[in-house]
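This is what each chain is made of:
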Amino acid sequence: MPATFVYDGDCAFCTRCVEFIRRRVPTDAVIVPWHRADLPALGLTREQCLEAVQYVELGRPALAGPAAIAALLRASRSAWRPLGGALGLPGVGLVSWPVYRWIARHRHQLPGGTAACAVPPP
């Protein structure tokens, strides 16, 4: 069974990023908006999916945010694999999570983003 990459299909910015992935990052992973995914079968909750993108491989714990993106890139069949490896290096998480959270908070202001992309503060 292929891995599954789960994203926010209601967010135009996220959808644009996924369109880029589908065009440029060859992968066997199933890429699906969380609203259409069988979350219990994937071992995910709605809350997890609202917080960050998710990457699920059978028999392994789900990865979220930058770790999910890194896993997707590492699983690709392209030149993106080294970037996925670099994102998984020790210490990179210290930078990648704050950057990911900043992007998530401001995605409605980024190219392709709309007001519907805004995430209400916790």
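One can find the structure itself at the top, above this paragraph.
So, here's what we can say about the structure. (Residues numbered from 1 in each chain as written. Predicted model: local features only at pLDDT ≥ 70, side-chain atom pairs only at ≥ 80, totals over all residues. Heavy atoms only, no water.)

Moving on, we get to the overall build of the protein. Secondary structure assignment for the protein yields six helices and four strands. Tracing the protein from N to C terminus, the helices and strands come up as β-α-β-α-α-β-β-α-α-α. Counting only residues that meet the buried cut, the protein has 34% of its 122 residues in that class. Considering only contacts within the protein whose residues lie at least 6 apart along the sequence, 56% involve residues at least 24 apart. Total accessible area on the protein is roughly 7400 Å²; 62% of this is exposed by carbon and sulfur atoms. (Helix = DSSP H or I, 4+ residues; strand = E, 2+ residues; numbered from the N terminus. Buried < 20%, exposed > 50% of the residue type's maximum accessible area, 1.4 Å probe, protein only. Contact = heavy atoms within 4.5 Å. Areas by Shrake-Rupley, 256 points an atom, 1.4 Å probe, with all protein chains shown as cover.)

Counted according to the given criterion, the structure contains two aromatic pairs. For the ring pair Phe20 and Trp80, a centre distance of 5.8 Å and an interplane angle of 90° mean the geometry is edge-to-face. With Phe20 in helix H1 (residues 12-24) and Trp80 in the loop between helix H4 (65-74) and helix H5 (81-87), this residue pair connects regions lying 60 residues apart in the sequence. On the accessibility criterion, Phe20 (32% relative accessible area) is partly exposed. When its relative accessible area of 29% is taken as the criterion, Trp80 is described as partly exposed. When the ring of Trp97 is compared with that of Tyr100, the centres are 5.6 Å apart and the planes differ by 70°; the resulting orientation is edge-to-face. Placement of the pair is Trp97 and Tyr100 together in helix H6 (residues 92-106), with a separation of three residues, close to one helical turn. Owing to a relative accessible area of 16%, Tyr100 belongs among the buried residues under this scheme. (Phe/Tyr/Trp six-rings, centres within 6.5 Å; stacked < 30°, edge-to-face > 60°.)

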